[in-house]
Each structure stands twice: as C-alpha cells, then as structure tokens.
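Listed below, chain by chain, are the residues.
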Amino acid sequence: MVRVQQAPFDLNALYHSLSAERTDIGAVASFVGRVRDFNEQPDVEALTLEHYPGMTEAVLTRIVEQAEQRWSLANVIVVHRVGRLTPGDDIVVVLVASAHRHAAFEACEFIMDLLKTQAPFWKKEHTRQGDYWVSERHSDKEARQRWEQG
Amino acid sequence: MTLTHLNARGEAHMVDVADKQESRREAVATGKISMQPETLALLSDGGLPKGDVLATARIAGIQAAKRTHELIPLCHQLMLSKVSIEFELDHTHSCVHVSARCRLNGRTGVEMEALTAVSVACLTLYDMCKAVDKGMIIGDIGVESKTGGKSGDWVRDDLNKVSSKALPESSLEKSAESQKTVTVLFFAELRERIGVEKLSVSLGDLGAPDIVSLKRWLTTRHTDFMALENPRILCARNQDMVSVDTMLKPGDEVAFFPPVTGG
C-alpha cells in the first residue's frame, strides 16, 4: 500500500494492517524518517513538503513493485507526509514484511534509496535566518546507484 | 474601479488608512539592467573600478525602500519588517535581473516600496558600471506579486508572461490548431522562480512537438523561463520522468522540477 497524506500516521496501526492474520510473515523491517532541527543550516523551525500529486503515488507504487520483483516479500506499506511539518514530526514510513529478515532489511533500504532520488517530493526549510529549498545530496544518488550495480 | 488617491473632486489626496485592518503584507517586484557582455563579466569577476557592485546596489535598494514615502507624494511612511534584494547574473541575455521583496504587518501595501527598491538598485548598478558601459538599459520593472490586505493576493497573470496565443481559453475563435495543447506544470523552487504554476501551450506554436522545443519556446516568451535551461532541472511527461528529446502529443501533461528531496 502506498499513500501520500498530510495527517500524521500511526506506526502501530500500520504494523497491524501489514501483518494481521498473516502467519507466513516471519520478519518485518521498518524505517521512519523524521524532521531534524538542523540540516543545511541550524535552527530549522519547520519544513514544507511539496509533491506532484498523481506522479508521486505512481512512482512510489513502481518502486514497491521493483522491490517485490527483487525480493520475496509478503507485504509493503509506504506512507509519506506532505505539508508543513516541525522538528520531531514523522515524514515517511516504510514497512516491509517477508518470511526472512534479509529480504525485509534489504527491500526497506532499497525502497528508501529509490524514494529519495525518484519520488517527486521537495522540501523547503524554514529557519530563523530565512527559508530555502533543500538541495539534493550526492550521497543519496550514490546510495541509489549501489542497487543498479548489485 | 476607482483611483483611491483621487477624492470626489478628482484632486489628489492621501488615503486615510487609520481604520484599515492590519495584516501581514508582502510584495515582490522585479526589473533588469541590460549591459555589454564584457561589463557583465567584469561585474561577476569584481573587476569594476567602484568595487563590490552588487553589495552596494543591494544596500541602495534597501535604503530606497525605507525612503519611498519621501519620493512618492501620496505614499505613507511604513515600518517595513523586511526588505531583501536579489540579483541574478544572466550571461545568456547579458543582463542582471533584480528582485526585491518587502514585508510588513500594516495597513497599506508594500508594492511601491518593492518597486522603488528595484528601481534604485538598478540605478545604482548603472552608476557603479557606467565608467565602462554607458549604453546600459534599465527595463521590465514591475510588480510580480502582492499578498495580504483588503484587495487580496495578486500574482502577475500568466497571460502577461506568455502570449494569449498560448492560452486557447482566451481567444474567442478556437481554431482546431490552438486546441492541440499540452499542459505544462512547474514545481517547488522552479515554480517560485518562474512565478507560474500551470500553463497551456499550443503545440502549433512550437518549432517541433518535443520537450526541447517547448523549453526553447518558453524561454523566448519571458526571461524567467531561462531557469529551465539549468541542467539540474528534470522533466516528466504524463507523470513519467523523461529526457528532453521526448516527443509530445496533444493533451500531454509536461512537468518541470528541480531534483527531488523527499524522504
């Protein structure tokens, strides 16, 4: 399941919907991305997440499908928030369920690495010194390229 | 529509703003100064005789915004909370784009302050560079947007940026050709830079029905679209990331955006 929403998500509820009544699932890996109070500049007071409605969901769905082709997965949930968020808020959650842990760990990281470089989200950070659009990171590009070689 | 600076007898008067609600107001104005490529090169290398041109022009623009009421007869004196001036050196068109943003919590708009800031910043650029180039031209000064106040938010209409031919809705006689349009979207920093979110462009206006030609056509319409020439800018056709040589069909949705930064 892929979802883009403004509202906060309930990790526990998502975990239940992922694995309830599924006795074939032996492992669940999860990743939660949060808003930091420092990034390119200190004193980040808030950030605004913009996205491309329609394309975002399509890209996330495609990333999940690619993960499902690469590993044997039982279920995947990706929820990404948009709008104004403040430090400590959750931004994104990826939950991956599989029979064994290696597939769950790897697929979870794979989904995040592709999301970071392909899903059309943009962050604008609001600091005491002013607002700025966050730049892409070279390390994110390298993290994605790792999967292309493997 | 009436002119609020004229009273019932058509005489100029200052508008009484005492009863107006205070609100957060912001205005952005832009302008440009065109010069010889050699002058622009000297400017960007810091090689001009009067020293740091941009820093001086920035201070001049900020000072000017604060003194707008001394220059414009019926303008109120405002307690500006912020004035920022930005310069963009455009080597392709051999000019400097100047943009001023003014903000306050108050009872009157700040577009006059933003316009004054841009004008004086441009004049200062002229003064700082005139030793090497007397033929510089200041132009295209205008308000890009204003927010807050009774008259509400205003953004320069896309129609002013792109000829009405690009927007078939605006023509009474829709030819079959003009209906063959594509929708163009801009996101994030690029949208803010260009000041346009969405456009409808007739494929018939383009040299060829592909994304390269669309970009070229947009950049000839308004210099703001030069931002599309930045190699970092990505594009999508029908919500799929594509390269610029991709062909376009009527009804396609094309999006331009900076590198993504989610997660």
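Just so we're clear, the structure is a prediction, and the values are computed from it rather than from any experiment.

The rules behind each value
Along each chain, residue indices are assigned from 1 in the same order as the chain's sequence is written. All chains are assigned letters beginning at A, and all ligands numbers beginning at 1, according to the order in which they are written. Totals for whole chains, interfaces and linings use every residue, but because this is a predicted model, local features are given only for residues with pLDDT of at least 70 and side-chain atom pairs only at 80 or more, for both listing and counting. Only heavy atoms go into the side-chain values, all of them from the structure, while hydrogens and water stay out. A side-chain nitrogen of Lys or Arg and a carboxyl oxygen of Asp or Glu constitute a salt bridge if their distance falls within 4 Å. Categorising residues by exposure relies on relative accessible area from a 1.4 Å probe, with only protein chains included: less than 20% of the type maximum marks a residue as buried, more than 50% marks it as exposed, and the intermediate range marks it as partly exposed. Only DSSP runs of H or I with at least four residues qualify as helices, and only runs of E with at least two residues qualify as strands; both kinds are numbered from the N terminus onward. What a helix should span is 1.5 Å times the count of its residues minus one. Think of it as the arc spanned by the lines of direction from the helix axis to the C-beta atoms. Contact between two residues is taken to exist if any of their heavy atoms lie within 4.5 Å; hydrogens are not considered. As annotated, the domain borders come from an automatic or database domain assignment. Put simply, buried area is the surface a 1.4 Å probe can reach on two separate parts but cannot reach once they are joined, added for both. Pairs of N or O atoms within 3.5 Å make up the polar contacts considered here, provided that, within protein, one atom can donate a hydrogen while the other can accept it, and that residues adjacent in sequence are counted only when both atoms are side-chain atoms. Positive: Lys, Arg. Negative: Asp, Glu. His and the chain ends are not part of the count. Each pair of aromatic rings taken from Phe, Tyr and Trp, with Trp reduced to its six-membered ring, is defined by centres within 6.5 Å and is described as stacked if the planes are under 30 degrees apart, edge-to-face if over 60, and tilted in the remaining cases. In this description, a line fitted to the C-alpha atoms serves as the axis of each element, helices being fitted only across the stretch in contact, and the angle between N-to-C directions of two axes falls anywhere from 0 to 180 degrees. By definition, turning the near helix anticlockwise from the far helix through less than a right angle yields a left-handed crossing, and turning it clockwise yields a right-handed one.

J.: In this structure, what is going on with the pattern of salt bridges? I would like to understand it.
T.: Proximity of charged atoms lets side chains of opposite charge pair with each other. Taken as a whole and judged by the stated rule, the model has 18 salt bridges over all chains. Its salt-bridge partner being Lys-130 of chain B, residue Asp-127 of chain B comes within 2.4 Å of it at the nearest N-O pair. Owing to a relative accessible area of 32%, Lys-130 of chain B belongs among the partly exposed residues under this scheme. In the salt-bridge network here, residues are joined through shared partners; they are Asp-43, Glu-45 and Arg-128 of chain A.

J.: Mind showing me how you'd approach helix H2 (residues 53-66) of chain B here?
T.: The α-helix advances 3.6 residues per turn, and as a result positions three or four apart in sequence lie on the same side. Residues and elements named next belong to chain B. Across its 14 residues, H2 extends 20 Å between first and last C-alpha, which sits within 8% of the 20 Å expected from 1.5 Å per residue. Turning to H2, its buried residues are Val-53, Ala-57, Ala-60, Gly-61, Ala-64 and Ala-65. Burial along H2 is one-sided: seen end-on, the buried residues are contained in an arc of 130°. Buried-residue contacts for H2 involve helix H1 (37-45), helix H3 (68-71), strand S2 (82-90), strand S3 (95-106) and helix H4 (111-129).

J.: Looking at this model, I keep getting lost on the domain arrangement of chain B. Mind explaining?
T.: Accessible area lost upon the coming together of the parts is a frequently used measure of interface size. Residues and elements named next belong to chain B. Structurally, chain B comprises domain 1 (23-155) and domain 2 (158-257). Centre-to-centre, using C-alpha coordinates, domain 1 lies 28 Å away from domain 2. Buried surface at the junction of domain 1 and domain 2, summed over both partners, amounts to about 490 Å²; 53% is from carbon and sulfur atoms. In this assembly, domain 1 and domain 2 are joined by 1 residue pair in polar contact (both at pLDDT 80 or more).

J.: Quick question: what am I supposed to make of the environment of Gly-51 of chain B here?
T.: Residue and element names in this part refer to chain B. Turning to its location among the elements, Gly-51 is positioned in the loop between H1 and H2. You can call Gly-51 partly exposed: its relative accessible area is 30%. Taking C-alpha positions, Gly-51 is 8.0 Å from Met-128, a pair spaced 77 residues apart along the chain.

J.: It is not clear to me how the side chain of Arg-81 of chain A should be interpreted in this structure. Could you clarify?
T.: Relative to the helices and strands, Arg-81 of chain A is located in strand S4 (residues 75-81). Of the side chains bearing the opposite charge, Asp-89 of chain A lies closest to the buried Arg-81 of chain A, which forms no salt bridge; the N-O distance is 4.6 Å.

J.: When you look at the packing of aromatic side chains in this model, what are you seeing that I'm missing?
T.: Describing an aromatic ring pair means giving the distance of the ring centres and the angle of the ring planes. Applying the stated criterion to the full structure yields 10 aromatic pairs over all chains. On the basis of an interplanar angle of 35° and a centroid distance of 4.4 Å, the ring pair of Tyr-52 of chain A and Phe-187 of chain B is categorised as tilted. In this pair, Tyr-52 of chain A is assigned in the loop between strand S3 (44-51) and helix H2 (55-70) and Phe-187 of chain B in the loop between strand S6 (181-186) and helix H6 (188-194), connecting two distinct chains. Note on accessibility: Tyr-52 of chain A and Phe-187 of chain B belong to one class, buried. With a centroid separation of 6.0 Å and 20° between ring planes, the pair formed by Phe-186 of chain B and Phe-256 of chain B is classed as stacked.

J.: Got a minute to help me understand the packing of H2 of chain B against H4 of chain B in this structure?
T.: Each packed pair of helices is defined by two parameters, the angle between the axes and the distance between the axes. All names here are of chain B. At their nearest, the axes of H2 and H4 sit 7 Å apart, and the two run at 145° to each other. Note on packing geometry: the crossing formed by H2 with H4 is right-handed. Residue-level inspection shows Val-53, Leu-54, Thr-56, Ala-57, Ala-60, Gly-61, Ala-64 and Ala-65 of H2 in contact with H4, the latter providing Glu-113, Thr-116, Ala-117, Val-120, Ala-121, Thr-124, Leu-125, Met-128 and Cys-129.

J.: Got a minute to help me understand the interface of chain A and chain B in this structure?
T.: Taken together, the contacts link 26 residues of chain A with 20 residues of chain B. Interface of chain A and chain B: buried area, both sides summed, is about 1,900 Å²; carbon and sulfur atoms make up 54% of it. Per-residue buried area on chain A facing chain B is highest for Tyr-52, Trp-122 and Trp-133 of chain A; these three make up 35% of the total on that side. Across the contact surface, chain A and chain B share 4 salt bridges. Arg-62 of chain A serves as the salt-bridge partner of Asp-240 of chain B, at 3.1 Å between the closest nitrogen and oxygen. Taken together, the connections running from chain A to chain B amount to 15 residue pairs in polar contact (both at pLDDT 80 or more). The set of elements that each furnish at least two residues to the side of chain A that touches chain B consists of S3, H2, strand S6 (90-98), helix H3 (101-118) and strand S7 (121-127) of chain A. A per-element tally of the side of chain A that touches chain B places H3 of chain A first, with 5 residues.

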